[in-house]
Each structure stands twice: as C-alpha cells, then as structure tokens.
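# Examining the three-dimensional arrangement
Here is what each chain is made of, one letter per residue.
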Amino acid sequence: MALLELNNMSVHYGRIQALTGVSLHVEQGEIVSLIGANGAGKSTTMRAISGVRPLSGGTIRFDGEDITKLRADLRVVRGICQSPEGRGVFPGMTVLENLEMGCYTRKDKAAIAQDFERVFELFPRLAERKSQVGGTMSGGEQQMVAIGRALMARPRVLLLDEPSMGLAPQFIQQIFRIIREINEQGTTVLLVEQNAQQALSRAHRGYVLETGRIVKEGTGAELLADPSIKEAYLGVA
Ligand code: ATP
C-alpha cells in the first residue's frame, strides 16, 4: 500500500482547470520528484495534497485512508508537512523561534529535543545562528530554516516545493544532499522542482507534469535518460 496516493485528481481555479486527472503514488521511504515547466501545476498539486486547495475531482489517500476532504491542519497532525515555495520563514522571528513554530502542536518534549539536535546536525549553519532573525538571512539559509521547521513537525511525508529556487549553485548541491540525508533517516519525500537534473538524480522515482497532466513516469534514472526529457528539461538536444 502506498503511503500517499493521488487518484484521478482535478483542481480548478474558478473556470481555469489547473490539474486534469493527476494520479501518482509515493511509497514509504521513497523520494519522488515531480518535474514540470512554469505553470504546469506543480504547486497546485502540493496545495491539494496539503489541503489548502480543494479538489474538483478524484481522491487523495494517505496511509490507507481517504483524506480528500480532511482539513489542512488535521493533515499536518497526521504527518503531511509542507515546506512552502517562497520559503515562508517568519522574518521577525529568530531561527530558534522559527523552528519552534514547526512543533508547537507537539507535547513530546524528549523527542522534540532530539529533533532539534537532528536539525542542527543536518544544518550546522542554523546551530551557529540560532538567535539571528529570519529576515536577515540569505536565501539559502532561509531555505534551511524552512526545511528545518517542517522537520520539527516530525512529518511522515515531507512536501518540498522548489527547494532549490533562487539558490546559489553551492547551496543547491547542499540542499539536495541534505534532502537525501533526511530521506535516509526515514522520512518519505515528495519534491517539486524545475531543476530537473538534480531532482531526478536524487529521486527514486519521478513524474513529469505538463499543462496539468502527468505525461511520463519512471525511475529517476529512466527519466534522466529519456531523450524527450533531456531535450525539454535538461537543456541537451
Ligand atoms: P510555477 O513553477 O511557476 O509555480 P507550477 O507548475 O507550480 O508553476 P501552478 O502554480 O500550480 O504551476 O499553476 C498551474 C496553473 O494554474 C497555471 O496555469 C496557473 O496560471 C494557474 N493558477 C495557479 N494559481 C492560480 C490562482 N490563484 N488563480 C488562478 N489561476 C491560478
């Protein structure tokens, strides 16, 4: 049984149909990448999974249960946690306060302490800058805070929307390495990316979204070797 399963999902913005019959699944322990051009519907897919955008058709199942109509906050409680595109770091709060926001619903003090340790091991830069306010950090550092905050919720599936967006090349490598590490520590990851090369080379499997429809799926290696994907997304003819 898949941990997360989208079945024939459609989403509209008024009369605009952003997604048409999207089906995909994420197995426990996987990194799955969803790639596509600007406006293909990647962010909409993430919004539908996290529950901030209703479906106009189809279903979403998580851990065997239909969550299609479940409220967004209750999905977080079940373990679906998104690190949003545009980062969404609270600019006036310190790094530590931002991370605390990720776990404010939790009561398990000992496990929370462990998770702080884990986040600071993954991102030593954040450990050095616990008391710096979010708004004064670089783009790459804010991305680390956003991912760290999502991890503090102890997600069962981590949804990452464009983690490499706007980052300098050395940060891009680093973020993808950390995503792999997070996954190796047991967190399932669904990743949306325009950086197809990195996203596919780090993923177990991937899907290609074009104008709201899934047009291809395969292992990361298969998709990277696919001539039409090379041409459209990897900049090689
Ligand atoms: P990007 O990488 O640019 O964010 P995307 O693949 O994430 O692109 P979406 O943002 O999901 O794409 O958009 C999918 C489609 O839905 C596009 O045609 C977009 O114009 C439309 N759309 C997205 N948000 C809205 C909205 N709030 N109102 C109306 N149309 C929208």
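Named according to an unreviewed UniProt entry, the chain is Branched-chain amino acid transport system ATP-binding protein originating from Crossiella cryophila.

## Some thoughts on the overall build of the chain
Secondary structure assignment for the chain yields 10 helices and 10 strands. Relative to its length of 237 residues, the chain is compact, with a C-alpha radius of gyration of 17 Å against a globular reference of 18 Å. The principal-axis extents of the C-alpha atoms in the chain amount to approximately 45 × 40 × 35 Å. Counting over 237 residues, the chain shows a buried share of 51%. For the chain, long-range pairs separated by at least 24 residues make up 67% of all intrachain contacts whose partners lie at least 6 apart in sequence. Of the roughly 10900 Å² that the chain leaves accessible, carbon and sulfur atoms contribute 50%. Here the chain contributes 27 positive and 26 negative side-chain charges, whose respective centroids are spaced 4 Å apart.

## Side note on the pattern of salt bridges
For the coordinates displayed, the defined rule picks out 9 salt bridges. When the shortest N-O distance is used, the salt bridge between D115 and R154 registers 2.8 Å. Residue D115 is located in helix 4 (residues 109-122), and its partner R154 is located in the loop between helix 6 (139-151) and strand 7 (157-161); the two are separated by 39 residues in the primary sequence. Looking at R154, the relative accessible area reads 38%, which means it is partly exposed.

## Some details on the packing of aromatic side chains
Under the defined criterion, the tally for this structure stands at 1 aromatic pair. A centroid spacing of 6.2 Å and a plane angle of 25° characterise the contact between F116 and F120, whose relative ring orientation is stacked. Residue F116 and its partner F120 are both found in helix 4; the two are separated by 4 residues, about one turn of the helix. In this structure F116 comes out as buried when scored by relative accessible area, which is 15%. Classification of F120 as buried rests on a relative accessible area of 14%.

## With respect to the site of the ligand
Looking at the ligand, there are 15 residues lining it, with N38, G39, K42, S43 and T44 nearest. Between the ligand and K42, the relevant distance is 2.8 Å, taken from an oxygen atom to a main-chain nitrogen or oxygen of the residue. A distance of 2.7 Å is found between an oxygen atom of the ligand and a backbone nitrogen or oxygen belonging to S43. When the ligand is considered free in solution it has 630 Å² of accessible area, and contact with the protein chains removes 64% of it. Put simply, the parts of the chain that give the shell around the ligand at least two residues each are strand 2 (16-26) and helix 1 (42-50). Residue contributions to the shell around the ligand peak at 4 residues, all from helix 1.

## Re the nonpolar core
Note that soluble globular proteins tend to have their nonpolar side chains buried in a common cluster. With 45 residues, the main nonpolar core has I35, F123, L126, I179 and I229 as its most contacted residues. For this core, the element with the most residues is helix 7 (residues 169-184), which contributes 7 residues.

## Regarding the sheet that holds strand 5 (residues 65-66)
On the basis of which strands lie adjacent, the open sheet formed by 4 strands has the order 2-1-4-5 and antiparallel pairing. Only two strands of the sheet have a single neighbouring strand rather than two, namely strand 2 and strand 5. Taken together, the 7 bridges between strand 1 (residues 4-13) and strand 2 define a ladder with antiparallel strand orientation. By the bridge assignment, L4 is partnered in strand 2 with V26. Packing of helix 1 onto the sheet brings it into contact with strand 1, strand 2 and strand 4 (57-62), and relative to strand 1 it is tilted by some 115°.

## Here we look at a nonpolar patch on the surface
Residues F90, M101 and Y104 make up a contiguous nonpolar surface patch of about 310 Å² in total accessible area. Structurally, F90 can be placed in the loop between strand 6 (80-83) and helix 3 (95-101). On the basis of relative accessibility, which here comes to 32%, the residue F90 falls in the partly exposed class.

## Here we look at helix 6
Taking 1.5 Å per residue as the helical rise, helix 6 with its 13 residues ought to reach 18 Å, and the 18 Å between its terminal C-alpha atoms agrees with that figure. Across the 13 residues that make up helix 6, a large majority, 12, are buried. Within helix 6 the residues assigned to the buried category are G140, E141, Q142, Q143, M144, V145, A146, I147, G148, R149, A150 and L151. Those residues of helix 6 hidden inside the fold are in contact with strand 6, helix 3, helix 4, helix 5 (124-128), strand 7 and helix 7.

About the criteria used
Residues numbered from 1 in each chain as written. Predicted model: local features only at pLDDT ≥ 70, side-chain atom pairs only at ≥ 80, totals over all residues. Heavy atoms only, no water. Helix = DSSP H or I, 4+ residues; strand = E, 2+ residues; numbered from the N terminus. Rg over C-alpha atoms; globule rule 2.2 N^0.38 Å. Buried < 20%, exposed > 50% of the residue type's maximum accessible area, 1.4 Å probe, protein only. Contact = heavy atoms within 4.5 Å. Areas by Shrake-Rupley, 256 points an atom, 1.4 Å probe, with all protein chains shown as cover. Lys, Arg positive; Asp, Glu negative; His and termini not counted. Charge placed at Lys NZ, Arg CZ, Asp CG, Glu CD. Salt bridge = Lys/Arg side-chain N within 4 Å of Asp/Glu carboxyl O. Phe/Tyr/Trp six-rings, centres within 6.5 Å; stacked < 30°, edge-to-face > 60°. Near = heavy atom within 4 Å. Polar contact = N/O pair within 3.5 Å; in protein donor to acceptor, adjacent residues only side chain to side chain. Core = buried A, V, L, I, M, F, W, Y, C linked by side-chain atoms within 4.5 Å. Pairing = 2+ DSSP bridges. Axes fitted to C-alpha atoms, helices over the stretch in contact; angles between N-to-C directions. Patch = residues over 30% accessible without salt bridge, like charges linked within 9 Å, V, L, I, M, F, W, Y side chains within 5 Å. Expected span 1.5 Å × (residues − 1).

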